[in-house]
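Residues per chain, in single letters:
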Amino acid sequence: MLLGRPVSSSLGVAAGPLLNSKWVEAYARLGFDVLTYATVRSTFQAAYALPNIRHVDNRELAAVVSRQANNGATIAVSLGEPSMEPDVWRKDVRRAKERIGRGQFLIVSVIGTPRPGGDAEALIADYARCAGWAAEAGADAIEIHLATPDPFVEQPQMIFENVPLAARILHRTRTTVDAPVLARLGAFKTPRLLHETATRLAPWAHGYVLVHSINRKVFDDKGAPAFEGHGRERADVVGAQTFTVAARQVAEMLAWRKAGAWDRAILAVGGISTVERAREVLREGADAALVATAALFDPLFAARFRQVRTAEVA
Ligand SMILES: Cc1cc2nc3c(=O)[nH]c(=O)nc-3n(C[C@H](O)[C@H](O)[C@H](O)COP(=O)(O)O)c2cc1C
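Residues numbered from 1 in each chain as written. Predicted model: local features only at pLDDT ≥ 70, side-chain atom pairs only at ≥ 80, totals over all residues.

Peer 1: Give me the overall build of the chain: which residues, what numbers.
Peer 2: Check the secondary structure of the chain and you find nine helices and 13 strands. Relative to the globule expectation of 20 Å for 314 residues, the C-alpha radius of gyration of the chain, 18 Å, shows essentially globular dimensions. Its C-alpha atoms put the chain at 55 × 45 × 40 Å along the principal axes. When the 314 residues of the chain are sorted by exposure, 46% land in the buried category. Of the contacts formed within the chain by residues at least 6 apart in sequence, a portion of 71% connects residues at least 24 apart. (Helix = DSSP H or I, 4+ residues; strand = E, 2+ residues; numbered from the N terminus. Rg over C-alpha atoms; globule rule 2.2 N^0.38 Å. Buried ≥ 20, exposed ≤ 12 C-beta atoms within 10 Å, placed from the backbone. Contact = placed C-beta atoms within 7 Å.)

What follows is the structure, encoded as structure tokens:
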């Protein structure tokens, strides 16, 4: 079960790889049962210039572009959160919902778009508008992308780190749509902040999706920024080498839930690059294990996950 609905398995694809209904359908057929439609907005937004993805080594002080593709296991992503026009994605989400099977679950990821001169109220309303459209189009749950820069502060921080703003966004969304609402969170600086944030957001979220990425500076092997252009010095480092950090945060979240702090779904993301890792987070109690990098580089992941499961049952 996931958020009150029966699902064939708890393995899924995180926001990103599934760009439209064709991708959703293809990965549903490959055996991923929790399918996240890549983040959409209330307005068209183009992606950053190529390259958007580079293979990296996640070193102590920064991520550094690696010469070898390291099997696609660890990458830096700098896409700029692009989106199709709402008229396009609203129809296409409906198609995606029609094309997945029984026992499969469609999450739609949405993000608010800050407008020049716009205030917090405008951003909150924009998040809620997108969530309403996604729910109307048939999403089984709406993922609210909060691991994105907070546009209202000088010191760089993510929206999930601005707890009052994150709570207002979730509250507005929750009171706008009937579908379950999931909060997408990034890496917390301390376990205490993780606990306090989850507790403050719990009244307005049915679940948490974490860890979005390890947001880091990314350099090439000569020390130059790996992605060209304003605002691209930092990027989302994701994939295999981020598992230790991400899994620790998921474990913290699971521990607080077990302690009775609140009772919300926990969807684990971050570095789940092998079937063993997926099984590990599910065994620990996560409600779903979602993969992004592995879904791109290893599309037969779900087939192997199912084989192991079948073997265990037999
Ligand atoms: C190519 C690519 C695109 C992504 N696009 C999005 C996105 O649109 N929205 C989002 O919330 N996360 C996005 N992500 C982040 C993933 O959902 C996920 O949190 C992250 O990749 C960590 O999981 P992984 O280690 O399995 O890749 C993207 C990741 C990748 C690799």
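Peer 1: Tell me about the pairing of strand β11 (residues 234-239), and please be specific about residues and values.
Peer 2: Two faces make up the sheet, and in a regular strand the side chains alternate between them. Among the six residues of β11, five are classified as buried, and the element is accordingly described as predominantly covered. The pairing of strand β5 (residues 74-77) with β11 spans four bridges and is classified as antiparallel. Each residue of the ladder has a partner; that of isoleucine 75, found in β11, is valine 238. With four bridges connecting them, strand β10 (residues 214-219) and β11 associate as antiparallel partners. Across the sheet, the residue bridging to isoleucine 214 is valine 237, located in β11. (Pairing = 2+ DSSP bridges.)

Peer 1: Describe the packing of helix α4 (residues 163-174) against helix α5 (residues 191-201), and please don't skip the residues or the numbers.
Peer 2: A pair of packed helices is characterised by two quantities: the angle between their axes and the separation of those axes. Between α4 and α5, whose axes approach to 10 Å, the crossing angle comes to 30°. Taken together, the axes of α4 and α5 are roughly parallel relative to one another. As α4 runs across α5, the sense of the crossing is right-handed. Residues Val163, Ala166, Ala167 and Leu170 of α4 form the contact with α5, whose own contacting residues are Thr197, Arg200 and Leu201. Its residues assigned to classes, the contact of α4 with α5 shows five nonpolar, one polar and one charged. (Axes fitted to C-alpha atoms, helices over the stretch in contact; angles between N-to-C directions. Parallel < 35°, antiparallel > 145°, perpendicular 65-115°, else oblique. Left-handed = near helix turned anticlockwise from the far one by under 90°. Nonpolar A, V, L, I, M, F, W, Y, C, P; charged D, E, K, R; others polar.)

Peer 1: Tell me about the sheet that holds β5, and please be specific about residues and values.
Peer 2: Overall, mixed pairing links the five strands, which are arranged β3-β4-β10-β11-β5 in a closed barrel. Strand-to-strand twist of the sheet, defined as the mean angle between neighbouring strand axes without regard to direction, takes the value 50°. Two strands pair when backbone bridges link them, and strand β3 (residues 53-58) and strand β4 (residues 63-65) are joined in this way by three bridges, in the antiparallel orientation. For aspartate 57, the partnering residue across the bridge sits in β4 and is valine 64.

Peer 1: Can you tell me about the site of the ligand, naming the residues and giving the values?
Peer 2: Around the ligand there are 25 residues in total, and Ala14, Gly16, Val238, Ala292 and Thr293 lie nearest to it. A per-class count over the shell around the ligand returns 13 nonpolar, 11 polar and one charged. (Near = placed C-beta within 6 Å.)

Peer 1: How would you summarise α5 if you had to cite specific residues and measurements?
Peer 2: Residues of α5 that are buried include every one of Leu194, Thr197, Ala198 and Leu201, and no others. On an axial view of α5, the arc spanned by its buried residues comes to 95°, and they lie on one face. Considering only its buried residues, α5 is in contact with α4, β8 (181-184), β9 (207-210) and α6 (243-258). (Arc of directions from axis to C-beta.)

Peer 1: Lay out the sheet that holds strand β1 (residues 11-13) with the relevant residues and their values.
Peer 2: A barrel is described by the order of its strands in space; here eight strands give the closed sequence β1-β2-β6-β7-β8-β9-β12-β13, paired in parallel fashion. Strand after strand, the sheet turns through a mean of 25° between neighbouring axes, direction not considered. Across three bridges, β8 lies against β9 in parallel orientation. Considered in β9, the bridge of alanine 183 is made with tyrosine 208.

Peer 1: Run through the environment of alanine 240, naming residues and quoting values.
Peer 2: For alanine 240, the location among the structural elements is in the loop between β11 and α6. Classification of alanine 240 by C-beta neighbours within 10 Å gives buried; the count is 21. Those residues in contact with alanine 240, other than ones at most four positions away along the chain, are Ala73, Thr74, Gly271 and Ser273.

Peer 1: Pulling in residues and values, what's your account of the environment of glycine 271?
Peer 2: With respect to the helices and strands, the residue glycine 271 is situated in the loop between β12 (265-269) and α7 (275-284). Under the C-beta neighbour-count criterion, glycine 271 is labelled buried, with 29 such atoms within 10 Å. Those residues within four positions of glycine 271 in sequence are excluded, and the remaining contacts are Gly239, Ala240, Gln241, Thr242, Phe243 and Ala246.

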